[in-house]
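# Geometric and topological summary
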Amino acid sequence: MRTLLHRYLTVIDRYIIKKYLGTFIFTLGIFMVISVVFDISEHLDNFLGEGATLNEIIFTYYVGFIPFYMMLLSPLINFLAVIFFTAKMANQTEIVPILTSRASFYRFLRPYVISSTLIFTVSLLANLYLLPYTNKLKVTFESANFFKNDDPSKNEVHIQLDKNTFVFMQSFNTETKTGFQFMLEKYDGDELKERLTAPSIAYDTLKNKWKIISPSIRYVNGLKEKYITNGPPIDTVLDMRPVDFEAHDNVASNIYGAMSLSALNKGIEKEKTRGTGVIIDMRFEKYRRFVEPLSSFVLACIGVAISSRRVRGGVGLPLGIGIFICFTYIVVNKFALVFAIKGGFPPLMAVFIPNIIFGLLGYILLLKAPK
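Keep in mind that this is a model prediction, so the values were computed, not measured. Here, residues in each chain are numbered from 1, in the same order as that chain's written sequence. In keeping with the model being predicted, local features are shown solely for residues with a pLDDT of at least 70 and side-chain atom pairs are shown and tallied solely at 80 or more, while totals for entire chains, interfaces and linings include all residues. Hydrogens and waters are ignored; side-chain quantities use all the structure's heavy atoms.

## Quick word on the overall build of the chain
- Helix and strand labels come from DSSP, where a helix needs a run of H or I of at least four residues and a strand needs a run of E of at least two; each type is numbered from the N terminus. Looking only at helices and strands, the chain has eleven helices and eight strands in total.
- The globule rule puts the C-alpha radius of gyration for 371 residues at 21 Å, and the 27 Å found for the chain is more than 25% above it.
- Sorting the 371 residues of the chain into buried and exposed places 42% on the buried side.
- For the chain, long-range pairs separated by at least 24 residues make up 64% of all intrachain contacts whose partners lie at least 6 apart in sequence.
- All accessible areas in this document rest on Shrake-Rupley with a 1.4 Å probe, and a residue is counted as covered only by the protein chains that are shown. For the chain, the exposed area adds up to about 20,800 Å²; of that, 63% sits on carbon and sulfur atoms.
- Note that His is not counted, nor are the chain ends; the positive residues are Lys and Arg, and the negative ones are Asp and Glu. By convention, the point assigned to a charge is CZ for Arg, NZ for Lys, CD for Glu and CG for Asp. Measuring between centres, the 40 positive side-chain charges of the chain sit 15 Å from its 30 negative side-chain charges. The globule rule used for comparison is 2.2 Å times the number of residues to the exponent 0.38, while the radius of gyration itself is calculated over C-alpha atoms. Only protein chains enter the accessibility calculation, which uses a 1.4 Å probe; a residue whose area is less than 20% of its type maximum is buried, one above 50% is exposed, and one in between is partly exposed. The contact criterion used is simple: two residues touch if any of their non-hydrogen atoms lie within 4.5 Å.

And the structure:
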């Protein structure tokens, strides 16, 4: 293994990879320590007031908090790390000898590509397998301690259970798992066949069944109709859960980020029929997990292009430009979901918007970079 590394990687390659990954890991570690300290100061009252144990705070909340923010910050830390150590190399005239020793600028990029590939691989695996689990821990802790008094219920919810069955719920109490002013309609094509209404419906968590209280049923068969009013309670299995009537607007407790990939795929298939309006969010979350790690290549290329030339002011000017680009990237990245929901963009296209825009910028900068 070592022989292969020495054969395909020169001393310069190994030097740049070591600098790249070392700066990235060190900077990410510093940012995470700062983030944890600020988070503790912000939520200290919640920790003490709700009586959370030290074990829960460390091994539930922060086991979820740290990976979440590591993945959130890693593209920007990656970008700033590339700019910082590359600009430092340029300022110390370490890049000029490399480019004047028959090495092209694109050959100079090889160790950056290798390092970015490692970061991309770790980010992708974390997004697919680690973060759903740790996000679930974080969401569970936050729901119990931070957003305990928030009202998570939706009002006036319409759900399509299957091709012919539609459900309406006026309101839902998430604590008692009881819905009010419930209506279920069954159709044969465009023709109504059955309508069930009830003042309330409750979910039995032990039996995983719904109990419909005082149902009134109208059966329609052509011109004939049959009515049953205030009938006995009905225990039935319906393809819906209390979570379908809960709102998850707070980004910090976004339930989709805590779902595994298989759960997301199942949820998307259900939402194709139900049409509750959350399918765009679910698809965006699914595609984001695959596409977002690509930013490690895009931002690394931009970082090398703007920092590989020696300029007056040393590291300060490239770092300042990098911070400005970071803020621009954050804005575009945050607006990507808005483009999908409000602008009618397909979620897959919306996810690619930041990488496409900054990928084109990186390509232009690389063409103009010193050869």
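## Focus on unusual backbone geometry
- Backbone geometry at Lys177 places phi at a positive 55°, although glycine is not the residue there.
- Looking at the secondary structure, you find Lys177 in the loop between strand E2 (165-173) and strand E3 (178-188).
- Take Lys177: its relative accessible area is 25%, and that puts it in the partly exposed class.
- Of note, the phi angle at Asn208 is positive, near 55°, even though the residue is not glycine.
- Its location among the elements puts Asn208 in the loop between strand E4 (191-204) and strand E5 (209-213).

## Brief notes about the nonpolar core
- The set of buried Ala, Val, Leu, Ile, Met, Phe, Trp, Tyr and Cys residues whose side-chain atoms join them within 4.5 Å is what this entry labels a nonpolar core. The biggest cluster of nonpolar side chains holds 26 residues, and the ones touching the most others in it are Tyr20, Met89, Phe105, Phe108, Tyr112 and Val304.
- Listed by contribution, the elements that provide at least two residues to this core are helix H2 (11-49), helix H3 (54-91), helix H4 (95-99), helix H5 (105-108), helix H6 (110-145) and helix H9 (295-307).
- Examining the composition of this core, we find that seven residues originate from one element, H3, more than from any other.
- Sequence-distant contacts of Tyr20, that is, excluding residues within four places in its chain, are made with Asn78, Val82, Phe85, Tyr112, Ser115, Ser116, Ile119, Ser296 and Ala300.
- If you look at the next biggest cluster of nonpolar residues, it comprises 18 residues, including Val157, Leu161, Val167 and Trp210.

## Regarding the packing of aromatic side chains
- Under the pairing criterion, centres of Phe, Tyr and Trp rings, with the six-membered ring standing for Trp, must be within 6.5 Å; the plane angle then separates stacked pairs below 30 degrees from edge-to-face pairs above 60, leaving the rest tilted. Evaluation of the coordinates by the stated rule reveals 20 aromatic pairs.
- Feature note: the residues Phe47, Tyr61, Tyr62, Phe65, Phe68, Tyr69 and Phe141 constitute an aromatic cluster, connected by ring pairs.
- Just above the ring of Phe68 sits the side chain of Lys138; from NZ or CZ to the centre is 4.6 Å. Ring-over charges, as used throughout, are those where CZ of Arg or NZ of Lys falls within 6 Å of the ring centre and within 35 degrees of the ring normal.

## Quick word on helix H10 (residues 316-341)
- Here H10 contains 26 residues, and its C-alpha end-to-end distance of 39 Å stays within 8% of the 38 Å for a straight helix at 1.5 Å per residue.
- The axis of H10 is deflected most strongly, by about 30°, at Phe335.
- Taken as a whole, H10 has its buried residues at Pro318, Gly322, Ile325, Cys326, Tyr329, Val332, Ala336 and Ala340.
- In this structure, the buried side of H10 is in contact with H3, helix H8 (279-291), H9 and helix H11 (347-368). A helix is expected to reach a length of 1.5 Å times the quantity of its residues less one. What we call the bend at a residue is the angle made by axes fitted to the seven residues finishing there and the seven residues starting there.

## Examining the confidence of the model for the chain
- Taken over all residues, the pLDDT of the chain has a mean of 84, while the share at 70 or more is 91%.
- Each residue carries a pLDDT value, the predictor's own confidence for that position, ranging from 0 to 100. Ranking the helices and strands of the chain by mean pLDDT puts H9 first, with 91, and helix H1 (residues 2-8) last, with 59.
- In the model, residues 249-253 has pLDDT below 50 throughout and makes nine contacts with residues more than four positions away in sequence or in other chains.

## Here we look at the environment of Gly257
- Turning to its location among the elements, Gly257 is positioned in the loop between strand E8 (234-236) and helix H7 (261-274).
- Each C-alpha atom, one on Gly257 and one on Leu365, is 34 Å from the other, the two residues being 108 residues apart in sequence.
- The contact partners of Gly257, leaving out residues within four places of it in the chain, are Leu131, Pro132, Asn135, Glu285 and Arg289.

## Points about the packing of H8 against H11
- In the contact formed by H8 and H11, the axes pass within 8 Å of each other and the chain directions differ by 40°. Judged by the inter-axis angle, H8 sits oblique to H11. Helix-helix and strand crossings are classified by hand; for H8 and H11 the assignment is right-handed. Contacts between H8 and H11 involve Ile280, Arg283, Phe284, Tyr287, Arg288 and Val291 from the former and Pro347, Leu348, Ala350, Val351, Phe352 and Asn355 from the latter. Each axis is a line fitted through C-alpha atoms, taken for helices only over the stretch in contact, and angles between the N-to-C directions span 0 to 180 degrees. Throughout this description, any angle smaller than 35 degrees is read as roughly parallel, any larger than 145 degrees as roughly antiparallel, any in the 65 to 115 degree range as roughly perpendicular, and the remainder as oblique. In this scheme, a crossing is called left-handed if the near helix is turned counterclockwise away from the far one by less than a right angle; it is called right-handed if the turn is clockwise.

## A few points about a nonpolar patch on the surface
- A cluster of nonpolar side chains, Phe26, Ile30, Phe31, Ile34 and Phe38, forms an exposed patch at the surface whose accessible area comes to about 520 Å².
- By secondary structure assignment, the location of Phe38 is in helix H2.
- A relative accessible area of 58% means that Phe38 is categorised as exposed. Like-charged residues are merged into a patch within 9 Å and nonpolar side chains (Val, Leu, Ile, Met, Phe, Trp, Tyr) within 5 Å, provided each residue has over 30% relative accessible area and no salt bridge. By salt bridge we mean one thing: a side-chain nitrogen of Lys or Arg within 4 Å of a carboxyl oxygen of Asp or Glu.

## What about the packing of H3 against H9?
- Where H3 meets H9, the axes come as close as 8 Å, and the angle between the chain directions of the two elements is 25°. By the angle class used here, H3 and H9 are roughly parallel. Between H3 and H9 lies a crossing of right-handed hand. Each of Pro75, Asn78, Phe79, Val82, Ile83, Thr86, Ala87 and Ala90 in H3 lies in contact with H9, whose residues at this interface are Ser295, Ser296, Leu299, Ala300, Ile302, Gly303, Val304, Ile306 and Ser307.
- When grouped by side-chain class, the residues that make up the contact of H3 with H9 number eleven nonpolar, six polar and no charged. The classification used treats Ala, Val, Leu, Ile, Met, Phe, Trp, Tyr, Cys and Pro as nonpolar, Asp, Glu, Lys and Arg as charged, and all other residues, Gly among them, as polar.

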